[in-house]
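Descriptive structure summary
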Amino acid sequence: MIEVRFHGRGGQGAVTAVRILASALYLEGKYTQAIPMYGTERRGAPVVAFLRIGESRINERDLVHNPDIVVVLDPLLSRTVPVTDGLKEGGLIVMNFPKPGNEAGIGGRFRLATVDATGIALEALGRPITNTAMLGAFAKASGLVSLESLEKTLLEQWPGRLGEMNLRALRTAYERVTPPVDVSGIQALGKRPQEEIFSRDVSSWRIFKPQLDEGRCVGCRRCYIYCPEVAISMTQGKARVDYSSCKGCGICGEECPTGAISMIQEVL
Amino acid sequence: MSRPIPLHEIGEKEYIDPANQACQGCGGAIVSRLVSKALGDCFVRAEVACCGPAFMNIRAPSIYVEVFEGAGALMTGISRGLKRIGREDVVVLGIIGDGGTVDIGYQGLSAAAERNENILWVCYDNEAYMNTGGQKSGATTPYAATTTTPIGEYSRGKLERRKNVPLLMAMQGAPYVATASVAYPEDLLGKLVHAKGIKGFRYIHVSSPCPTGWGYDPKDTIKVARGMVQSGLWPLYEVSNGILKLNYKPKELKPVREVLKMQGRFRHLTDEEVDRIQGEVDAFWSRLVEKDGGNIF
Ligand SMILES: Cc1ncc(C[n+]2csc(CCOP(=O)(O)OP(=O)(O)O)c2C)c(N)n1
Ligand code: SF4
Ligand code: SF4
Ligand code: SF4
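Everything numeric here is computed off the predicted structure, so don't read it as measured data.

B:Leu120 and B:Ile204 are the most contacted members of the largest nonpolar core, which totals 80 residues. Ignoring anything within four residues of it in the chain, the contact list for B:Leu120 reads B:Leu39, B:Met75, B:Val91, B:Val92, B:Leu93, B:Gly94, B:Leu192, B:Ala195, B:Arg202 and B:Ile204. Judged by nonpolar contacts, the second largest core, of 44 residues, contains A:Ile53, A:Leu73, A:Phe138 and A:Ala141.

Shown next, in the form of C-alpha cells:
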C-alpha cells in the first residue's frame, strides 16, 4: 500500500486533487481511498488531504501519518507547515516551486521533484489554482498513475472548456516537472508552525503582492480603510504596506482611484 | 439620524491587530475593524461561534461562547453586569454572523429587543453559515447556490425570501436600527457613532461579502458590496424611533444583473430568473421610497 499526503491552502483544490487521483487509479484497477480533512479551513489557510493506493482491499480508516509521498501545492507553505513530518525515509516530495529541488529549503533523507505549478496554472487557467498541474507532476515524478487515466477523470469532472484548460495545466506540468533530486545533504529551512501563530506573519499566503507607486498616491486613504488585514498605514499622507501582514487579496489595488497600487506576482 | 463620517476624519488608532485568520479579502474582517474604530476605547465585545473569531484579533475585552444561538443572552448578561457595577458608559457590542442573528439566534435577539436591553448588535451578513462550509441561512439572497441549496436537476438554489430582520427589529420598536455596507465606510461609521450615543437596543445589519462562499475573486469584495447597494439588492436605510430614512437614494438603480453575474453562486441564473429578482428588488425599493421620511408603522 502506498500512502500520500497533500498539503495546500484553502482554494488551491487539494481535496479535489485527491478525489481525481483516487478515481484515476481506480480506472487502472487499483483500490483507493481519498480522505479530506475537515475543519474551519479558510481560503488561503493551510489544509491537508490524504490518499491511499492498494493492490487489494484497504481496511485502514484513519488519517495518513507516515506517507510515502508528500505533494505540496503551494510554494511557501513549507516555511510554516512541517510538510515532511512523518514522511518515510527515501520518500518522495513533489512540490510546487519555481526552482530546482535543492533550492526549496527542504532537507532530509528524501527525494524532491519541483515544478512551477503556480506559473503553469496562471498560464493555463488564469488563476493560481494549482491542483491539476500538481497531478501532472505527481504522475511523472511518481510513475504511479498514467497521464491517460488522469485526463479521462479530469474531463469527467469538468466537461467542456474548464476541462480543456485543466488538461493543459496537467500536461504542461507533466512535461516540466524536474526529475527527483536527493536532498539528504541539505539543511532544512523553515519556521515552526507555532511561530506563525504568535507572530501572525501571513506573507506566505500571498501569490500576488501590492506594489505602491508613491508618486501616484494622493493620500485618499481608501486602501487603508478597506484593507482587511490592517496591513496598510498612512505616513505623511502616503500609503505604506506592511508586507508581513498582507495576504495579497488585491482589494487595495482594485479600490485605489489613481492606479497607484499594482498587484505583481511574488518572485521566489 | 446619523451623519456620515468622511474618510479623512476616521482616526488612525487601530483596535485590531494586523493579520487575521480569515480568508483573503474577507468582508467581515473589514467590518469588524471599522466597527472597533468607530466605537473607540470603551466597549466589550460579545462573540459566538462563527467566522468572527477568525478575524477577532481585537484589542478589547471579549467574551466568547461556543453556542451560536446565545448572543442575545450573552450580551444581556454583560450589559446587566456592567450596569450593576455602574459602568453603563461601556458599549456592549456583538459582532454576530447572519446565522447567529436571523435564524438560530433570533429568539435571543428578539427577546433582547423586546426588553430594550442596552446593547449594540452588529450583524455582519455573509448570507450563509460560512464557518461550517456555506449552508443557506434566512439572510441568503433568493436563488443563490449554497451547499444546502445546490444547483441540479431538482434545485435552482435558495427558494425562500430573505428574512428582513432590520425591519422586524424596527417593528419591535427598537430605538435605532440601520442597514449598512462594507463598501460605504463613511455611512457605516456614521451610523455606529450615532448608535454609540443612544441608550437601549441598537441593531446594525451590515452587508459583508464573502469571496469563499459567494464565489468571486477576493479583490472584488468592495465592488460586489457596492454593486449590491447601487442595484437596490441591499438598500441603505436607518429607522430612528419608527421614522425611516433612506441613506442612499440614486435617481436610478443599476440593474441587478451586473452584480449577480460577478458571483459564482448566481452563475446558473437564467435571464428569466434575473428578471424575477429585478422585479422583487424594484417592488421593495419603491415601497422604501414611499416610506422615506415617514413612520414605518
Ligand atoms: C448550537 C450550535 N449549533 C451548531 C454549531 C456549529 N457552528 C459553529 S459556527 C456555525 C455557523 C455560524 O454561521 P453564521 O452565524 O452565519 O456566521 P458565519 O460562520 O457565516 O460567520 C455553526 C453551524 C454551534 N457552534 N452551536
Ligand atoms: S488608495 Fe491609492 S491614492 Fe488612495 S491612499 Fe491608497 S495608494 Fe494612495
Ligand atoms: S493586498 Fe489585501 S491584504 Fe495586502 S495590503 Fe492590499 S488590501 Fe491589504
Ligand atoms: S468564509 Fe467568508 S466570512 Fe468566513 S472568513 Fe472566509 S471570507 Fe470571511
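Residue and element names in this part refer to chain B. Applying the stated rule across the entire model yields 0 disulfides over all chains. Left without a disulfide partner, Cys123 is nearest to the cysteine sulfur of Cys50, which lies 9.4 Å away. Owing to a relative accessible area of 0%, Cys123 belongs among the buried residues under this scheme.

All right, on to the packing of helix H1 (residues 27-39) of chain B against helix H6 (residues 185-196) of chain B then. All names here are of chain B. Where H1 contacts H6, the two axes come as close as 9 Å, and the packing angle between them is 45 degrees. Between H1 and H6, the angle falls in the class oblique. When you trace H1 past H6, the crossing you get is right-handed. Here H1 contributes Leu34, Val35, Ala38 and Leu39 to the contact with H6, which in turn contributes Pro185, Leu188, Leu189, Leu192, Val193 and Lys196. Considering only residue class, the contact of H1 with H6 consists of 9 nonpolar, no polar and 1 charged.

To continue, consider the confidence of the model for chain B. Low pLDDT means the predicted coordinates in that region are not meant to be read closely. Per-residue pLDDT for chain B has a mean of 95; in total, 100% of the residues score no lower than 70. Confidence estimates for the predicted assembly give a pTM of 0.88 and an ipTM of 0.95.

Residues and elements named next belong to chain B. With mixed pairing, the 8 strands of this open sheet are ordered in space as E2-E1-E3-E4-E10-E9-E11-E12. Across the chains shown, the open sheet's two edge strands, defined by having one partner strand only, are strand E2 (62-65) and strand E12 (243-246). When the angles between neighbouring strand axes are averaged without regard to direction, this sheet yields 15 degrees. The sheet contact formed by strand E1 (residues 43-48) and E2 spans 4 bridges and is parallel. Note that in E2 the partner of Ala46 across the bridge is Ile63. On the sheet, H1 packs against E1, strand E3 (91-97), strand E4 (120-125) and strand E10 (202-207) and is oriented at approximately 170 degrees with respect to E3. Together, E3, E4, strand E9 (176-181), E10 and strand E11 (237-240) form the strand contacts of H6, whose direction differs from that of E9 by roughly 160 degrees.

Turning our eyes to something else, we now look at the interface of chain A and chain B. Between chain A and chain B, the contact holds 25 residues from the first and 42 residues from the second. Surface buried jointly by chain A and chain B totals about 3000 Å² across both partners, of which 51% is contributed by carbon and sulfur atoms. Summed over the shared surface of chain A and chain B, the result is 4 salt bridges. In the side of chain A that touches chain B, the residues fall into 12 nonpolar, 4 polar and 9 charged.

All names here are of chain B. Mapped onto the elements, Ala111 comes out in helix H4 (residues 106-114). Residue classification places Ala111 among the buried residues on the basis of a relative accessible area of 14%. Residues Ala111 and Trp214 lie 103 residues apart in sequence; the distance between their C-alpha atoms is 31 Å.

It is worth spelling out the site of ligand 1 at this point. Residues and elements named next belong to chain B. Close contacts around ligand 1 come from 18 residues, with Gly99, Gly100, Tyr124, Ala128 and Asn131 the closest. Asn126 has a polar side-chain atom sitting 2.9 Å from an oxygen atom of ligand 1. Between ligand 1 and the protein, one listed contact pairs an oxygen atom with a backbone N or O atom of Ala128 at 2.9 Å. Relative to its unbound accessible area of 590 Å², ligand 1 is 79% covered by the protein chains. For the shell around ligand 1, the elements supplying multiple residues, two or more each, are helix H3 (99-103) and strand E5 (128-129). For the shell around ligand 1, the residue count by class is 9 nonpolar, 6 polar and 3 charged.

Here we take up the site of ligand 4. Near ligand 4, the surroundings consist of A:Arg42, B:Ala22, B:Cys23, B:Cys26, B:Cys51, B:Asn126, B:Met130, B:Cys210, B:Pro211 and B:Thr212. Those residues lying near ligand 4 are distributed over chains A and B. Classifying every residue of the shell around ligand 4 gives 7 nonpolar, 2 polar and 1 charged.

Glancing now at helix H3 (residues 131-142) of chain A. All names here are of chain A. The end-to-end C-alpha distance of H3 is 16 Å, a good match for the 16 Å that 12 residues give at a rise of 1.5 Å each. Among the 12 residues that make up H3, 11 are buried, leaving the element largely enclosed by the rest of the structure. Taken together, the buried positions of H3 are Asn131, Thr132, Ala133, Met134, Leu135, Gly136, Ala137, Phe138, Ala139, Ala141 and Ser142. In the stretch just after H3, Gly143 is the one whose phi turns positive, near 65 degrees.

Once that is clear, we can look at the environment of B:Gly100. All names here are of chain B. Its location among the elements puts Gly100 in helix H3. On the basis of relative accessible area, Gly100 is assigned to the buried category, the value being 3%. The sequence separation of Gly100 and Ser79 amounts to 21 residues, and the corresponding C-alpha distance is 19 Å. With sequence-adjacent residues up to four places away left out, Gly100 is seen in contact with Phe68, Gly105 and Trp121.

On to helix H4 (residues 147-157) of chain A, then. Side chains three or four residues apart in an α-helix point the same way, a direct result of the helix having 3.6 residues per turn. Those residues of H4(A) that sit buried are A:Leu147, A:Ser149, A:Leu150, A:Glu151, A:Thr153 and A:Leu154. Turning to H4(A), the residues buried within the fold contact helix H1 (14-27), H3 and helix H5 (161-176) of chain A.

Turning our eyes to something else, we now look at the environment of B:Lys37. Relative to the elements of secondary structure, B:Lys37 occurs in helix H1. Given a relative accessible area of 10%, B:Lys37 falls into the buried group. Residues in contact with B:Lys37, not counting those within four places in the same chain, are A:Tyr224, B:Ile10, B:Gly11, B:Glu12, B:Lys13, B:Glu14 and B:Tyr15.

Residues and elements named next belong to chain A. The sheet built from 7 strands is open, its strands ordered E2-E3-E1-E4-E5-E6-E7 with mixed pairing. A strand with exactly one partner marks an edge of an open sheet, and here the two such strands are strand E2 (31-36) and strand E7 (181-182). Here 2 bridges tie strand E6 (residues 111-115) to E7, and the two strands are oriented antiparallel to one another. Residue pairing across strands places Arg111 opposite Asp182, the latter belonging to E7.

Our focus in this paragraph is the pattern of salt bridges. When the charged atoms of two side chains lie near each other, side chains of opposite charge can form a pair. Applying the stated criterion across every chain, the model contains 35 salt bridges over all chains. Salt-bridge contacts for A:Arg52 lead to A:Glu3; the nearest nitrogen and oxygen are separated by 2.7 Å. With a gap of 49 residues between them, A:Arg52 in strand E3 (residues 46-54) and A:Glu3 in strand E1 (residues 2-9) connect regions that are remote in the sequence. The residues A:Arg52 and A:Glu3 share a single accessibility class, namely buried. Linking B:Lys199 and B:Glu88 is a salt bridge whose minimum nitrogen-to-oxygen distance equals 3.2 Å. Note that B:Lys199 is positioned in the loop between H6 and E10 and B:Glu88 in the loop between helix H2 (71-84) and E3, a separation of 111 residues in sequence. One salt-bridge network, held together by shared partners, links A:Glu254, B:Lys219, B:Asp220 and B:Lys223.

Here is what the cut-offs are and how they apply
Residues numbered from 1 in each chain as written. Chains lettered and ligands numbered in written order. Predicted model: local features only at pLDDT ≥ 70, side-chain atom pairs only at ≥ 80, totals over all residues. Heavy atoms only, no water. Core = buried A, V, L, I, M, F, W, Y, C linked by side-chain atoms within 4.5 Å. Buried < 20%, exposed > 50% of the residue type's maximum accessible area, 1.4 Å probe, protein only. Contact = heavy atoms within 4.5 Å. Disulfide = S-S within 2.5 Å. Axes fitted to C-alpha atoms, helices over the stretch in contact; angles between N-to-C directions. Helix = DSSP H or I, 4+ residues; strand = E, 2+ residues; numbered from the N terminus. Parallel < 35°, antiparallel > 145°, perpendicular 65-115°, else oblique. Left-handed = near helix turned anticlockwise from the far one by under 90°. Nonpolar A, V, L, I, M, F, W, Y, C, P; charged D, E, K, R; others polar. pLDDT = per-residue confidence, 0-100. Pairing = 2+ DSSP bridges. Buried area = accessible area lost by both parts, 1.4 Å probe. Salt bridge = Lys/Arg side-chain N within 4 Å of Asp/Glu carboxyl O. Near = heavy atom within 4 Å. Polar contact = N/O pair within 3.5 Å; in protein donor to acceptor, adjacent residues only side chain to side chain. Areas by Shrake-Rupley, 256 points an atom, 1.4 Å probe, with all protein chains shown as cover. Expected span 1.5 Å × (residues − 1).

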